[in-house]
Amino acid sequence: MSHEDAGARPERILELSARLNAVAGERIGEIAAVNRAAKMLAVNAQVVAARSGEAGRSFLVVAEEFKRISEQIDEVAGALNKQVRADLTELSVIGGSILSHLRGQRLADLALNAIEIIDRNLYERTCDVRWWATDSAVVDCAADPNAARADHASKRLKVILDAYTVYLDLWIADRNGVVIANGRPDRYAVRGQSVREAAWFRDAMATASGDDFAVADIERVSALADAPVATYATAIREGGRANGAVIGALGVHFDWKSQAQTVVDGVRLTPEEKTRTRVLLLDQKRRVLASSDGKGLLTETFPLDVSGGDMGSYAREGRTVGYALTPGYETYRGLGWYGCLVQEAAI
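Okay, so let's go over this structure. Computed from a predicted structure; not experimentally measured.

Okay, the sheet that holds strand 11 (residues 338-344) next. The sheet built from 5 strands is open, its strands ordered 8-7-11-10-9 with antiparallel pairing. Looking along the sheet, the strands with just one partner apiece sit at the ends: strand 8 (288-291) and strand 9 (311-316). Each adjacent strand pair in this sheet contributes to an overall mean axis angle of 20°, direction not counted. Note: strand 7 (residues 277-282) against strand 8, 3 bridges, orientation antiparallel. Residue pairing for strand 8: Leu280 is matched across the bridge by Ser291. Running over the sheet, helix 6 (residues 256-265) touches strand 7 and strand 8 and is turned about 60° from strand 8.

Structural data, given as structure tokens:
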């Protein structure tokens, strides 16, 4: 059974509760109206009986009994109205609670799905960088960075970029942190620039073996037209061997904005839900890494409450928030990121 099917049941409960409440109120009102008319008849009968003297005495007894029965009907109708409305109110509360829980669970499930897609995507980036760092053109360029080898390496990197369209550029840096080749020199003139102070370069040079990699936080890189990128890196080693001496570093710059936007835009929401739901990817500091409304990228910090654990939901100020912590994928443990959906209440 889908989440939509499961959610339909409590919604149906609320719908029926509202309908029964209206019908009960209407019918009880009708009983009261009929009973008021009966009371008036009883009063009129009493008046007529009183005017008839001895001849109307027996009729007066009947009129008074009729009045007493009408008062009992009032009491029964009042008790029924009170009990029915109380039960229907409780039913509405229960149905609303169930619906809120199911909606929250669905949002959390969608948040988990979104962050899992990112994890799988970024896991592939860790594989790419470790593989390409062993390419002979890359290794030869780092070992002896002359012009011919740098040009050959650039051409090799361009072939890779043409096949892997998720990257903005690939950079080879020597052991001193100077970029000696890149895959798109016509677009990004970075050859000769220093990346010595870049976190990805320092971490890549410190890796223990060719099986290891480094990853930097999502950041805008001025040398890449100020685009937001996810940079994965590893050391280039002598002979392309996992235990070879470090001779440089390879940094692969993942086109974060377009790829992440595809993920948040692809979350399976109904057209109506999309108008009132914001899908977010958040880093470990709750900084917005991607948003379905295109706002807050790397500038907004979302006040996510994760007191409910690694995955959960909560309702607050007219909105429901579902979230899930990255579970990682294969050997990629993730970076403490969250998928998050913020849904405003339906009007």
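Another point: the packing of aromatic side chains. Per the counting criterion, the structure on display carries 14 aromatic pairs. Centre to centre, the rings of Phe213 and Tyr232 are 6.3 Å apart; their planes meet at 35°, and the pair counts as tilted. Taken together, the residues span a long stretch of sequence, with Phe213 in the loop between helix 5 (199-205) and strand 3 (214-215) and Tyr232 in strand 5 (residues 227-237) at a distance of 19 residues. Judged by its relative accessible area of 25%, Phe213 falls in the partly exposed class. An angle of 75° between the planes, with centres 5.4 Å apart, marks the rings of Trp256 and Trp337 as edge-to-face. With a gap of 81 residues between them, Trp256 in helix 6 and Trp337 in the loop between strand 10 (319-325) and strand 11 connect regions that are remote in the sequence. Judged by its relative accessible area of 0%, Trp256 is buried. You can call Trp337 buried: its relative accessible area is 4%. These aromatic residues form a ring-pair network of at least three members: Trp131, Trp132, Tyr164, Tyr167, Phe254, Trp256 and Trp337.

As a further point, take the side chain of Asp174. Note that Asp174 resides in strand 1 (residues 167-174). For the buried Asp174, no salt bridge is present, and the opposite-charge side chain at shortest range is Arg196, 7.0 Å distant. Among residues more than four places away in sequence, those in contact with Asp174 are Ile180, Phe201, Ile247 and Gly248.

Turning our attention to the pairing of strand 6 (residues 246-255). Extensive coverage of strand 6 is indicated by the burial of 9 of its 10 residues. Relative to strand 6, strand 1 runs antiparallel, the two being bridged by 7 bridges. Across the sheet, the residue bridging to Asp169 is His253, located in strand 6. Pairing analysis gives 9 bridges linking strand 5 to strand 6, with the strands arranged antiparallel. Of the residues in strand 6, the one forming a bridge with Tyr232 is Val252.

To continue, consider the pattern of salt bridges. Opposite charge on two side chains permits them to pair, given that their charged atoms come into close proximity. Inspection of the entire model under this criterion finds 13 salt bridges. Asp135 is paired through a salt bridge with Arg156; the nearest N and O atoms lie 2.7 Å apart. Taken together, the positions of Asp135 in the loop between helix 2 (57-132) and helix 3 (136-143) and Arg156 in helix 4 (residues 147-163) put the pair 21 residues apart, joining distant regions of the chain. In this structure, Glu300 engages Arg278 in a salt bridge whose closest nitrogen and oxygen atoms are separated by 2.8 Å. Pair noted here: Glu300 is in the loop between strand 8 and strand 9 and Arg278 is in strand 7, with a separation of 22 residues, a long-range link. Classification of Glu300 as partly exposed rests on a relative accessible area of 23%. Among the residues examined, Arg278 registers a relative accessible area of 16% and is labelled buried. Connected via shared salt-bridge partners are Glu124, Arg125 and Asp128.

Parameters and conventions
Residues numbered from 1 in each chain as written. Predicted model: local features only at pLDDT ≥ 70, side-chain atom pairs only at ≥ 80, totals over all residues. Heavy atoms only, no water. Pairing = 2+ DSSP bridges. Helix = DSSP H or I, 4+ residues; strand = E, 2+ residues; numbered from the N terminus. Axes fitted to C-alpha atoms, helices over the stretch in contact; angles between N-to-C directions. Contact = heavy atoms within 4.5 Å. Phe/Tyr/Trp six-rings, centres within 6.5 Å; stacked < 30°, edge-to-face > 60°. Buried < 20%, exposed > 50% of the residue type's maximum accessible area, 1.4 Å probe, protein only. Lys, Arg positive; Asp, Glu negative; His and termini not counted. Salt bridge = Lys/Arg side-chain N within 4 Å of Asp/Glu carboxyl O.

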